[in-house]
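# Fold and geometry: a report
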Amino acid sequence: SAVISQKPSRDICQRGTSLTIQCQVDSQVTMMFWYRQQPGQSLTLIATANQGSEATYESGFVIDKFPISRPNLTFSTLTVSNMSPEDSSIYLCSVGTGYSNQPQHFGDGTRLSIL
Amino acid sequence: QQQVKQSPQSLIVQKGGISIINCAYENTAFDYFPWYQQFPGKGPALLIAIRPDVSEKKEGRFTISFNKSAKQFSLHIMDSQPGDSATYFCAARVLSEKLVFGKGTKLTVNP
C-alpha cells in the first residue's frame, strides 16, 4: 500500500492565522482526499483533489477557507485559512486509485489546535 | 441515503472473546465495503474489505459478514486480544466516489 507522509504532524496556531498541511505519497496516485476528524468522532470529507483539475468540495466546506493544491500525482497541500478555535481538529490526507475495487489509504494526520 | 449506520458506539470484550460490530446502509449502489482500524494518534488503517457479490470474507481473526438483502454488514473479531483495542470504522463507496463512514466503534479488550 502507498506510504503517506503528512507535515506537520501537529501544530498550535493563533486565531486568525493560516496553516498549510502537506501530503506526500511514495507513489503516483489518481485521487487524493482531505478529511477532518474531530477527537473521538468519525471522518468528514473536506474535498477531493485530482491532479490537473480543481478540487471538489463537500457541502459545508469552501475553497476560500480550505484552499487545496495538487501540483502532481504524489503531492497535495491543504491550507486552513483564518483559523478559529472551531478549526481545531485532526486533518487527514488519503489516497486512492480511483478504481472501484481498490482501497483508500490514510496518512497519520495533522493535529491542529487553535488558541 | 448516503449514510452508514454503525453500532455499537462502544464495546468491551474479554480477551479471547468475539467482538462484533454492525453496520447498515440504504444506498443499494454501494459496491465496496471496507473496515478501518484506528489507534490513538494514528490515521485509519484498512483492515479488511468486501464486495457485495460475496457473503463472507475472512482474513486471519477478522471476518466480514455481508447480507445484501438486509443491507447490513458486520465485522467479527475472533479471539479478541488487548492489542485489538482501537476504534473501528465501517465505510461504503459507490464506484470510485467518496467513502461514506460510520460513526465508529471504540473497542476495548480487557486482559
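The structure this text deals with has already been given above.
In this report, the structure presented in the accompanying data block is examined. These numbers come from a predicted model, not from an experiment.

## Some thoughts on the pattern of salt bridges
Proximity of charged atoms lets side chains of opposite charge pair with each other. Taken as a whole and assessed by the stated rule, the structure comprises seven salt bridges over all chains. Taking the shortest distance from any N to any O, the salt bridge between Asp-108 of chain A and Lys-42 of chain B comes out at 3.6 Å. Pair noted here: Asp-108 of chain A is in the loop between strand 10 (105–106) and strand 11 (110–114) and Lys-42 of chain B is in the loop between strand 4 (33–38) and strand 5 (45–50), and the two residues belong to different chains. On the basis of relative accessibility, which here comes to 35%, the residue Asp-108 of chain A falls in the partly exposed class. Given a relative accessible area of 43%, Lys-42 of chain B falls into the partly exposed group. For Lys-71 of chain B, the salt bridge goes to Glu-26 of chain B, with nearest N and O atoms at 3.5 Å. Here the residue Lys-71 of chain B occupies a position in the loop between strand 7 (62–67) and strand 8 (72–77), and Glu-26 of chain B occupies one in the loop between strand 3 (19–25) and strand 4, the gap between them amounting to 45 residues.

## Some points on the interface of chain A and chain B
Counting residues at the interface gives 21 residues for chain A and 19 residues for chain B. Here chain A and chain B share an interface that buries about 1,600 Å² over both sides, 51% of which is from carbon and sulfur atoms. Linking chain A with chain B are two salt bridges. Seen at the junction of chain A and chain B, the total is six residue pairs in polar contact (both at pLDDT 80 or more). At the level of elements, strand 4 (31–37), strand 5 (43–50) and strand 10 of chain A are the ones that each hand at least two residues to the side of chain A that touches chain B. The element best represented in the side of chain A that touches chain B is strand 4 of chain A, accounting for three residues.

What counts and how
Residues numbered from 1 in each chain as written. Chains lettered and ligands numbered in written order. Predicted model: local features only at pLDDT ≥ 70, side-chain atom pairs only at ≥ 80, totals over all residues. Heavy atoms only, no water. Salt bridge = Lys/Arg side-chain N within 4 Å of Asp/Glu carboxyl O. Helix = DSSP H or I, 4+ residues; strand = E, 2+ residues; numbered from the N terminus. Buried < 20%, exposed > 50% of the residue type's maximum accessible area, 1.4 Å probe, protein only. Contact = heavy atoms within 4.5 Å. Buried area = accessible area lost by both parts, 1.4 Å probe. Polar contact = N/O pair within 3.5 Å; in protein donor to acceptor, adjacent residues only side chain to side chain.

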